[in-house]
Amino acid sequence: MSHLFYSMQSMQRVLFIILLVSSLNSHAQQGTKEGQDRKKLAFDDSSIQKLQRLKDSVAAVNYTRDSIQLQENISRNADGLFQLQKEQNAKKKKAAMIRIGIGIALLAVLIIGLRRRKK
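Each value, and the rule that gives it
Residues numbered from 1 in each chain as written. Predicted model: local features only at pLDDT ≥ 70, side-chain atom pairs only at ≥ 80, totals over all residues. Heavy atoms only, no water. Helix = DSSP H or I, 4+ residues; strand = E, 2+ residues; numbered from the N terminus. Buried < 20%, exposed > 50% of the residue type's maximum accessible area, 1.4 Å probe, protein only. Areas by Shrake-Rupley, 256 points an atom, 1.4 Å probe, with all protein chains shown as cover. pLDDT = per-residue confidence, 0-100. Patch = residues over 30% accessible without salt bridge, like charges linked within 9 Å, V, L, I, M, F, W, Y side chains within 5 Å. Salt bridge = Lys/Arg side-chain N within 4 Å of Asp/Glu carboxyl O.

Asker: Which parts of the structure should I look at to understand the overall build of the chain?
Answerer: Secondary structure summary: the chain contains three helices and zero strands in total. Counting from the amino terminus, the chain carries its helices and strands in the arrangement α-α-α. In the chain, which comprises 119 residues, the proportion classed as buried is 1%. Carbon and sulfur atoms make up 63% of the accessible area of the chain, which totals about 12,100 Å².

Take a look at the structure:
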């Protein structure tokens, strides 16, 4: 039994060493020179100009789209405001007509009351 225990421990050690060595190889970094890294990161003037033009064109498209949407919103809000104004004017006109009608009715009642009094 003890012999089996020792062989199991030795197999675990061997497996652990194999895993350790394989993980070191798989995560190792490739050797690069500093000049190569700088060449990858550096842009020449033409590529910077191309990127700037691309950035400007995207910004122009966004600005155009936003301005069109803004104009649509303004016209929609103006139309809504005009409609609301028309509704309020119609309500005021209706209320004024009702008041004038009530005034005429009271005037008629007053005239009828004054005529009966004289008799």
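Asker: I'm lost on the confidence of the model for the chain in this one. Help?
Answerer: A low pLDDT score tells you not to read the predicted coordinates there in detail. Chain-level pLDDT for the chain is 79 on average; 72% of the residues reach the 70-or-more range. Per-residue pLDDT, averaged within each element of the chain, yields its smallest value for helix α2 (residues 34–41) (54) and its largest for helix α3 (residues 45–118) (88).

Asker: So what exactly am I meant to see when it comes to a nonpolar patch on the surface here?
Answerer: There is a patch of nonpolar side chains on the surface, built from Leu 107, Leu 110, Ile 111 and Leu 114 and spanning about 370 Å² of accessible area. Looking at where Leu 107 falls in the secondary structure, it is placed in helix α3. Look at Leu 107 and you get partly exposed, because its relative accessible area is 48%.

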